[in-house]
Amino acid sequence: MRQRPRGDSRGILDPGRLLREVRFRRHLPAESLRPWVEHYWLIDWALSSPFEQRVVPHPAVNVVFQRDGDGPEASEVAGVGHDLFRITLSGTGRVSGVQFRPGGFHPFWQRPVSELTNRRVPLPAGRLAAPDTMVCASDDDERCRALDTLLTGWRPEPEPMAEEAVRLAEVIRTDRTVLRVDDFAARHDVPVRRLQRLFLEYVGVGPKWVIRRYRLQEAVEQAAGGPLNWADLAADLGYSDQAHLVRDFTAVAGVSPAAYARSVH
């Protein structure tokens with residue numbers, strides 16, 4: 001079992017600026033929730049001018065609580081998003097978010113997770129009750145305890161199919177050699193059609209999309225790290241050529257890889 005939350009910046013466009021503008025941190029949930037929950041993510045801000053953050057979404061569901069200034073706390077379930085996520089923050093505020101592991105939200109939702117893809121649903125939603133008290137009202141420890149209490153109260157039950165989806169999605173995330181659905185299915189002795197149904201039901205998107213998204217997030221992270229040979233990177237990530245990587249990158253991030261690299265350096 002993991003002892004600390006993920007430390008990478010995958011999916012975050014210009015992570016250096018994010019860390020300059022706001023307080024961003026991750027915390028692990030209670031150990032009993034870790035089979036399903038990747039981490040909690042907390043953001044606090046006090047801005048003199050508006051700040052726009054852009055994120056290339058993970059293949060994961062998030063539950064998000066946000067309070068702007070002294071206003072009421074809003075809460076929602078955010079399904080997997082195909083497109084670039086943009087949010088503009090201003091003034092003061094707080095966010096307490098839960099990022100589920102790909103496949104890990106189904107035991108809480110108990111419906112096809114694809115129903116949430118490209119959607120944001122206010123809480124309460126389905127069987128998910130809203131919390132009795134504000135989640136964003138206190139320090140990190142209390143915010144995490146409030147999230148632990150909330151998720152535990154939703155009474156997730158172990159599901160073998162969800163466990164399989166979580167395991168396979170984690171392999172895609174961590175193994176750079178996973179580039180094609182048919183090869184991946186054969187390696188794990190799973191028929192392609194069953195793999196596709198499994199991912200749509202439990203992750204919310206198909207395995208091809210998950211593979212491409214994780215490889216694209218890797219390209220974004222590497223672009224933020226320094227100069228790259230884009231042709232070599234395209235080949236490493238399974239693209240047919242550099243132009244294909246450039247098209248995918250530009251379609252999701254809104255700028256070309258070269259323009260993005262210049263902007264963060």
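Located above this text is the structure these notes cover.
Residues numbered from 1 in each chain as written. Predicted model: local features only at pLDDT ≥ 70, side-chain atom pairs only at ≥ 80, totals over all residues. Heavy atoms only, no water.

Chemist: Would you take a moment to explain the pattern of salt bridges for this structure?
Modeler: Pairs can form between side chains of opposite charge whenever their charged atoms are close. Across all of its chains, the model carries 22 salt bridges by this definition. R6 is the partner of E38 in a salt bridge, and the nearest nitrogen-oxygen pair spans 3.6 Å. Placement of the pair is E38 in strand β2 (residues 37–46) and R6 in the segment before α1 (15–21), with a sequence separation of 32 residues. With respect to burial, E38 and R6 carry one shared label: buried. As a salt-bridge pair, D183 and R180 come within 3.8 Å of each other at their nearest N and O atoms. Given a relative accessible area of 45%, D183 falls into the partly exposed group. Shared partners join several salt bridges into a network, and the residues in it are R10, R176, R215, E218, E221 and D236. (Salt bridge = Lys/Arg side-chain N within 4 Å of Asp/Glu carboxyl O. Helix = DSSP H or I, 4+ residues; strand = E, 2+ residues; numbered from the N terminus. Buried < 20%, exposed > 50% of the residue type's maximum accessible area, 1.4 Å probe, protein only.)

Chemist: So what exactly am I meant to see when it comes to the layout of surface pockets here?
Modeler: Think of a ball as big as a water molecule: rolled over the atoms, this probe shows where empty space is left. By volume, the largest pocket amounts to about 820 Å³. Considering the residues around the largest pocket, the lining is formed by 36 residues, among which W41, V55, N62, F85 and R120 are closest to the centre. When residues of the lining of the largest pocket are traced back to their parent elements, those giving at least two are β1 (23–27), β2, β3 (51–55), β4 (62–68), β5 (73–78), β6 (85–89) and β7 (92–100). Roughly 210 Å³ of internal volume is contained in the second largest pocket. Lining the second largest pocket are L179, R180, V181, D182, K208, I211, R212, R215, L237, G238 and Y239. Listed by contribution, the elements that provide at least two residues to the lining of the second largest pocket are α5 (181–187) and α7 (207–225). For the lining of the second largest pocket, the element with the most residues is α7, which contributes four residues. When its residues are assigned to classes, the lining of the second largest pocket shows five nonpolar, one polar and five charged. (1 Å grid on protein atoms, 1.4 Å probe; cavity = no way out; pocket = protein on both sides within 12 Å on 5 of 7 lines; lining within 4 Å. Points joined across faces, edges and corners; volume = space filled by probe spheres on them. Nonpolar A, V, L, I, M, F, W, Y, C, P; charged D, E, K, R; others polar.)

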